[in-house]
Amino acid sequence: MSLERQSPVIIITGTPGTGKSTHAQLLANESPIPLQHINISDWVKEKGLYEDYDPEWQTYNVDEDKLLDELEPLTSAGGIILDWHTCEAFPERWADLVVVLRCDHSRLWDRLEQRGYSLKKIEENNEAEIMQVVLDEARSSYAAEIVVELNSENTEDLEANVARIVEWIKAWRRDRGMEAN
Ligand SMILES: Nc1ncnc2c1ncn2[C@@H]1O[C@H](COP(=O)(O)OP(=O)(O)O)[C@@H](O)[C@H]1O
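Remember, it's a predicted structure, so these values are computed and weren't measured experimentally.

Draft legend 1. Up close: the packing of helix α4 (residues 105-114) against helix α5 (residues 119-130). In contact at an axis separation of 10 Å, α4 and α5 are set at 150° when each is read in the N-to-C sense. Classed by the angle they form, the pair α4 and α5 counts as roughly antiparallel. Note that α4 runs across α5; the crossing there is right-handed. Between α4, through His105, Leu108, Trp109, Leu112 and Glu113, and α5, the contact on the second element is made entirely by Leu119, Ile122, Glu123, Asn125, Asn126, Glu129 and Ile130.

Draft legend 2. Quick peek at the UniProt feature "binding site: ATP" (unreviewed entry) in the protein chain. With numbering aligned to this structure, UniProt lists the feature "binding site: ATP" (unreviewed entry) at Gly17, Gly19, Lys20, Ser21, Thr22 and Arg115. Spatial clustering of the annotated residues is evident: they stretch over 99 residues in sequence, but the largest pairwise C-alpha distance comes to 14.4 Å. In this structure, lysine 20 sits in helix α1 (residues 20-30). Non-local contacts of lysine 20, meaning those with residues more than four positions away in its chain, are made with Ile12, Thr13, Gly14, Thr15, Asp83, Trp84, His85 and Leu101. Here the side chain of lysine 20 touches threonine 15 through a polar contact of 3.3 Å, landing on its backbone oxygen. With respect to the secondary-structure elements, arginine 115 resides in the loop between α4 and α5. Each residue touching arginine 115, except ones within four places of it in the same chain, is listed here: Pro16 and Gly17.

Draft legend 3. Region of the structure containing helix α3 (residues 64-77). Between its terminal C-alpha atoms α3 stretches 20 Å, which fits the 20 Å expected from 14 residues at 1.5 Å a residue. Taken as a whole, α3 carries its principal kink of about 35° at leucine 71; the proline proline 73 stands between one and four residues after it. Buried residues belonging to α3 abut β1 (9-14), β2 (36-39), α2 (40-47), β4 (59-62) and β5 (80-83). Positive phi shows up at glycine 78, right after α3, with a value of about 80°.

What counts and how
- Residues numbered from 1 in each chain as written.
- Predicted model: local features only at pLDDT ≥ 70, side-chain atom pairs only at ≥ 80, totals over all residues.
- Heavy atoms only, no water.
- Axes fitted to C-alpha atoms, helices over the stretch in contact; angles between N-to-C directions.
- Helix = DSSP H or I, 4+ residues; strand = E, 2+ residues; numbered from the N terminus.
- Parallel < 35°, antiparallel > 145°, perpendicular 65-115°, else oblique.
- Left-handed = near helix turned anticlockwise from the far one by under 90°.
- Contact = heavy atoms within 4.5 Å.
- UniProt positions renumbered as here; feature names shortened; annotations may be inferred.
- Polar contact = N/O pair within 3.5 Å; in protein donor to acceptor, adjacent residues only side chain to side chain.
- Expected span 1.5 Å × (residues − 1).
- Bend = angle between axes of the 7 residues up to and from the residue.

As structure tokens, then:
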């Protein structure tokens, strides 16, 4: 946690399809202070921050050094939401809050099917969600008190989660002697 940041760095992570981008977009709209939503997968493609493309898994192999170099100045300033399906690459000092989204695996299956993922990719992600891979990763990478596990099954969950994060942002600012809004 940085003492200099005027705005927090919030990591939203979870298995693909759990609702990271949906949450990040709504949070960016509802936050009392400006927050930039960075969808890391899109960024990697747009900025060429990858080593190669894996046609079998239809994914880009991220060049983590390049990615971290690109993100470093933004994280020092704060006011960002990092949206990615993994979080262990990010240095611990970057994160003020780590939200891990969870979803029932059969619902997740439907979401990934609708997205047009291959059966192999759906199975891999489904299993990862059942085994709570991302949650374990977050817990082993960051202090327990900044890691929050939230369900993302439906719209009520989405709205409640975002409202809760908004309250957390206000408290984070108050704790540092800043205006909450
Ligand atoms: N809490 C939720 N309630 C209803 N639909 C959701 C929820 N979370 C995600 N979805 C839906 O699931 C799909 C995947 O969501 P998305 O935000 O793209 O996931 P991710 O960024 O984690 O891959 C989208 O169609 C989205 O509308």
